[in-house]
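# Analysis of the macromolecular model
The chain contents come next:
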Amino acid sequence: MAYIAPRTTCEYFVPAPPAVGPRLHSLLRTFTLPAGAADPPRVLIVAAHPDDETIGVGGMLPRLDGAVQVLHVTDGAPRHRRQWGRQEFRTWNEYAAQRHLEVARALGVAGLDAAGVCRRMEVMDSEVSLNLVPVSRRMAELFDELRPEVVITHPYEGGHTDHDATAFAARAACTLLSRDGAPAPALAEFTSYHNEGGEKVVNRFLPWDGAPVTEVVLSPGEKEMKRRMYDCFVTQGGVLRDMPIRVERYRPAPRYDFTQAPHAGRLRYERYPLGIRGKHWRQLAADAIEHLGLDRRWDAPVRRDAPALVLTG
């Protein structure tokens, strides 16, 4: 009788890559252990607007003191005056200067010197989507210059076009660095907001398999500090009143397909009369991927020369 070898289910096994790598693990230890119990990695917070860093990471900023820098992609001042948070400012430059003053005061509440930790790209508010190629390239240059171990930025959720464009640029910048053989940071996300069933959902992520969420409950002192940081943004009271301060949430950044909608149904930014439609945004993303010589799956970049674009605004 022929011998039949017993079937083994794990004869060949390829382990799945860890959902949270060592650099993200170091960041999350800094956030979840008692303050001062862990040394933070070098962190760059990439925020679309001056206040997004406070909404997303404000409670944890003192734990990152000495290891954190903040990059603001926009100046916080939209082209259309009706989109300004306050109307007493005479010019766009005055309003942009006010936004920078507010974030400097907020960071000061957290014990950070804005002059030492903040970098600006100065793209006009609400127009990052129109500049995906130059923003991605400039972001790659800054990542290479600053050499953060972890970048924390927005998720791709259809809440605000600038948030989605910043998520795109951060992923593209990391891919460009990897393509050129340069070290790329690990990507993490803080919460923003999105649409769900016609309602605005804040401080929670859209679910994503393989991207575990770490929830950080702020201490009474951290909550009070974050409340005082919010108070610094006098032009943004209408936005910040919806943002809770009890909990902050973080996760590894998924590898989004930015040519597909982040969720079914109407996107949050499609509710605003001056915003672009999701279909248009995704076409801009597809064009940028093509122009940068990348693959929409972010795992097969193609080296290619392309003419330079310039920032508008």
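The structure presented is a predicted model; accordingly, all values stated were derived computationally and were not measured.

## A word on the pattern of salt bridges
- Taken as a whole and assessed by the stated rule, the structure comprises 13 salt bridges.
- The salt bridge involving Arg 138 is made with Glu 141; its shortest N-O contact spans 3.1 Å. Of this pair, Arg 138 and Glu 141 both sit in helix 5 (residues 132-146), three residues apart, which is roughly one turn of that helix.
- Overall, Glu 141 belongs to the partly exposed group, its relative accessible area being 47%.
- The shortest N-O distance in the salt bridge between Arg 251 and Glu 189 comes to 2.8 Å. Of this pair, Arg 251 sits in strand 9 (residues 247-252) while Glu 189 is found in strand 5 (residues 186-190), placing the two residues 62 residues apart along the sequence.
- In the salt-bridge network here, residues are joined through shared partners; they are Asp 51, Arg 99 and Glu 102.

## Observations concerning the confidence of the model for the protein chain
- Mean pLDDT over the protein chain: 88, with 86% of residues reaching 70 or higher.
- For the protein chain, the element scoring lowest by mean pLDDT is helix 8 (residues 237-240), at 86; strand 1 (residues 43-47) scores highest, at 99.
- The low-confidence segment residues 1-17, where pLDDT is below 50, has zero contacts with residues more than four positions distant or belonging to other chains.
- Counted against residues more than four places away or in other chains, residues 300-313, with its pLDDT under 50, gives 36 contacts.

## Describing the nonpolar core
- In terms of nonpolar packing, the biggest core is built from 43 residues, with Met 139, Phe 143, Phe 168 and Phe 258 touching the most fellow members.
- Broken down by secondary-structure element, the contributors of at least two residues to this core are strand 1, strand 2 (68-78), strand 3 (118-125), helix 5, helix 6 (161-179) and helix 9 (278-292).
- When residues in this core are grouped by element, the largest group, 10 residues, is from helix 6.
- In contact with Phe 258, not counting residues within four places along its chain, are Tyr 156, Asp 164, Ala 167, Phe 168, Arg 171, Trp 281, Arg 282, Ala 285 and Trp 298.
- Counting residues in hydrophobic clusters, the runner-up holds 38 residues, among them Leu 27, Val 43, Leu 107 and Ala 114.

Here is what the cut-offs are and how they apply
- Residues numbered from 1 in each chain as written.
- Predicted model: local features only at pLDDT ≥ 70, side-chain atom pairs only at ≥ 80, totals over all residues.
- Heavy atoms only, no water.
- Salt bridge = Lys/Arg side-chain N within 4 Å of Asp/Glu carboxyl O.
- Helix = DSSP H or I, 4+ residues; strand = E, 2+ residues; numbered from the N terminus.
- Buried < 20%, exposed > 50% of the residue type's maximum accessible area, 1.4 Å probe, protein only.
- pLDDT = per-residue confidence, 0-100.
- Contact = heavy atoms within 4.5 Å.
- Core = buried A, V, L, I, M, F, W, Y, C linked by side-chain atoms within 4.5 Å.

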